[in-house]
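Secondary and tertiary structure notes
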Amino acid sequence: MAWPRFESSVGSALPLTRNGDLTQRRQDHRDRRGAQGNTDAVSYNLAADCPLLSGAPVSEFRVLVVCTGNLYRSPLAECLLRHRLGEPGHAIRLSSAGTRAVPGEPMAAAVEHFLLTRGAAPARTGSNRLTKNLVEGSDLVLGAATEHREAAVRLSPVEALSRAFTLCEFVRLMRAEDALGVVDPAARFAALVRGAAARRGAAGAHTADDVEDPLGLPPRQARECLARIDDAVERIAAAVRGG
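Residue numbers restart at each chain and count upward from 1, following the sequence in its written direction. Since the coordinates come from a predicted model, pLDDT governs what is reported: local features require at least 70, and pairs of side-chain atoms require 80 or more to be given and counted, while whole-chain, interface and lining totals use all residues. Heavy atoms from the whole structure form the basis of all side-chain values; hydrogens and water molecules are not counted.

Attention now moves to the pattern of salt bridges. Take a side-chain nitrogen of Lys or Arg and a carboxyl oxygen of Asp or Glu: if they are within 4 Å of each other, that pair is a salt bridge. Within this structure, the stated rule accounts for 15 salt bridges. Ionic pairing is found between glutamate 159 and arginine 163, a salt bridge with its closest N-O pair at 2.5 Å. For the pair shown, glutamate 159 and arginine 163 are each scored as buried. Here arginine 241 and glutamate 234 are joined by a salt bridge, their closest N and O atoms 3.3 Å apart. Residue arginine 241 is classed as partly exposed on the basis of its relative accessible area of 25%. Residues joined in a network through salt bridges with shared partners are Arg84, Arg118, Asp230, Glu234 and Arg241. Relative accessibility under 20% of the residue-type maximum defines a buried residue, over 50% an exposed one, and the middle range a partly exposed one, all with a 1.4 Å probe and only protein chains included.

As structure tokens, then:
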């Protein structure tokens, strides 16, 4: 089985080649909803003509991880997820950003060390500031804490409302059976997002889903935060890999 191909550069996304331009499809649906006077952000369904939402193979699935400074939590999750998902295949694009990030800053040394102990490469181009374009260009937004999910939703309510979660919330709500029978890894990821979104209303919010910022914490507590992200990422990667 071929596994996802990963690219971390935020600004160099390749166009969709197998199933068309997903971004344009979203815009077309927004235009149609506007013409029909439909302002319900979560009532429409693109599954009828969008392979990403129907379980069919897709060319690209984009995941954005968000924290505050884009120095600890989000780059750790980005790099670990890339490492855990493994060999090339259909494209799963991974990136990260911070709500108050200073662009171009390297990840924290403690995160680099943690990644190396897990056999993962601490490779990325530097910190990025969270923007509306990044949110709207992502198929899944994972915040380290509730404030980061909310920041993404504020930037783009229509696009982010049903596909932005905290990292631990997504782990709590997803079920491997949501992708039962789906082989394509990117399509499996999309199926997991659909299932988690459908389950969220019934499950309710949990403040315990937030991962504390390791910055300024005593070393033991900081390591616990990083280990919690590591565990959450492993659960997501296992569900995406399947079988």
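Positive phi, close to 60°, is recorded for asparagine 70, a residue that is not glycine. Mapped onto the secondary structure, asparagine 70 falls in the loop between β1 (60–67) and α2 (73–85). In this structure asparagine 70 comes out as buried when scored by relative accessible area, which is 0%. Helix and strand assignments follow DSSP, with helices taken as H or I runs no shorter than four residues and strands as E runs no shorter than two, numbered in order from the N terminus.

Axes here refer to lines fitted to C-alpha atoms; in helices the fit is confined to the stretch in contact. Angles between the N-to-C directions go from 0 to 180 degrees. The N-to-C vectors of helix α3 (residues 109–117) and helix α9 (residues 219–241) enclose an angle of 45°; their axes lie 11 Å apart at closest approach. Considering their axes alone, α3 and α9 lie oblique with respect to each other. Read as a crossing pair, α3 and α9 show a hand that is right-handed. Where α3 abuts α9, its residues Ala110, Val111 and Phe114 lie against Leu226, Ala227 and Asp230. Gly is placed with the polar residues, together with every amino acid not listed as nonpolar (Ala, Val, Leu, Ile, Met, Phe, Trp, Tyr, Cys and Pro) or charged (Asp, Glu, Lys and Arg). Considering only residue class, the contact of α3 with α9 consists of 5 nonpolar, no polar and 1 charged. We call two directions roughly parallel when the angle between them is under 35 degrees, roughly antiparallel when it is over 145, roughly perpendicular when it lies between 65 and 115, and oblique otherwise. Should the near helix be turned anticlockwise from the far one by less than a right angle, the crossing is termed left-handed; should it be turned clockwise, right-handed. We call two residues contacting when some pair of their heavy atoms lies within 4.5 Å.

Okay, the nonpolar core next. Within the largest apolar cluster, 46 residues are counted, with the highest numbers of intra-cluster contacts made by Val63, Leu140, Phe170, Phe189 and Ile236. No other element matches the 10 residues that α9 contributes to this core. If we skip the residues at most four places from it in the chain, isoleucine 236 touches Leu81, Leu142, Leu167, Phe170, Val171, Met174 and Phe189. Val141, Ala151, Ala152 and Ala164 belong to the second-largest nonpolar core, a separate cluster that totals 12 residues. Residues grouped as a nonpolar core are buried Ala, Val, Leu, Ile, Met, Phe, Trp, Tyr and Cys residues, joined through side-chain atoms within 4.5 Å.

Each aromatic pair joins two rings of Phe, Tyr and Trp (for Trp, the six-membered one) with centres within 6.5 Å, and gets the label stacked for planes under 30 degrees apart, edge-to-face for over 60, and tilted for any other angle. This model, assessed by the stated rule, comprises 2 aromatic pairs. Remark: a charge is flagged as sitting over a ring if the NZ atom of Lys or the CZ atom of Arg is within 6 Å of the ring centre and within 35 degrees of the ring normal. Sitting above the plane of the phenylalanine 165 ring, arginine 200 keeps its charged end 4.2 Å from the centroid.

Once that is clear, we can look at the environment of serine 127. In this structure, serine 127 sits in the loop between α3 and α4 (132–136). Take serine 127: its relative accessible area is 2%, and that puts it in the buried class. Serine 127 sits 53 residues away from serine 74 along the chain, and the two C-alpha atoms are 9.7 Å apart. Beyond its immediate stretch of four places on either side in the chain, serine 127 contacts Gly69, Asn70, Leu71, Ala101, Val102, Pro103, Gly104 and Glu105. Distance and chemistry together define a polar contact, namely a pair of N or O atoms within 3.5 Å, with one atom able to donate a hydrogen and the other to accept it when in protein, and with adjacent residues in sequence counting only for side-chain atoms on both sides. Polar side-chain contacts of serine 127 include one of 2.4 Å to the backbone oxygen of valine 102.

Now for the pairing of strand β2 (residues 91–98). Within β2, 8 of the 8 residues are buried, which leaves it mostly tucked inside the rest of the structure. Neither face of β2 is exposed, since Ala91, Arg93, Ser95 and Ala97 on one face and Ile92, Leu94, Ser96 and Gly98 on the opposite face are all buried. For two strands to be treated as a pair, DSSP must find no fewer than two bridges joining them. Judged from the 8 bridges that link them, β1 and β2 form a sheet pairing that is parallel. By the bridge assignment, glutamate 60 is partnered in β2 with alanine 91.

What follows concerns the pairing of strand β3 (residues 140–143). Judged by which residues are buried, β3 turns out to be covered on both faces: Leu140 and Leu142 on one side and Val141 and Gly143 on the other are all buried. Taken together, the 4 bridges between β1 and β3 define a ladder with parallel strand orientation. From the neighbouring strand, valine 66 faces β3, where its bridge partner is glycine 143. The sheet contact formed by β3 and strand β4 (residues 164–166) spans 3 bridges and is parallel. Paired with leucine 142 across the bridge in β4 is phenylalanine 165.

In contact at an axis separation of 10 Å, α2 and α3 are set at 20° when each is read in the N-to-C sense. Compared by their axis directions, α2 and α3 come out roughly parallel. Crossing of α2 against α3: the hand is right-handed. Seen from α2, the contacting residues are Leu76, Cys79 and Leu80; seen from α3, they are Val111, Phe114 and Leu115. For the contact of α2 with α3, a count of residues per class yields 6 nonpolar, no polar and no charged.

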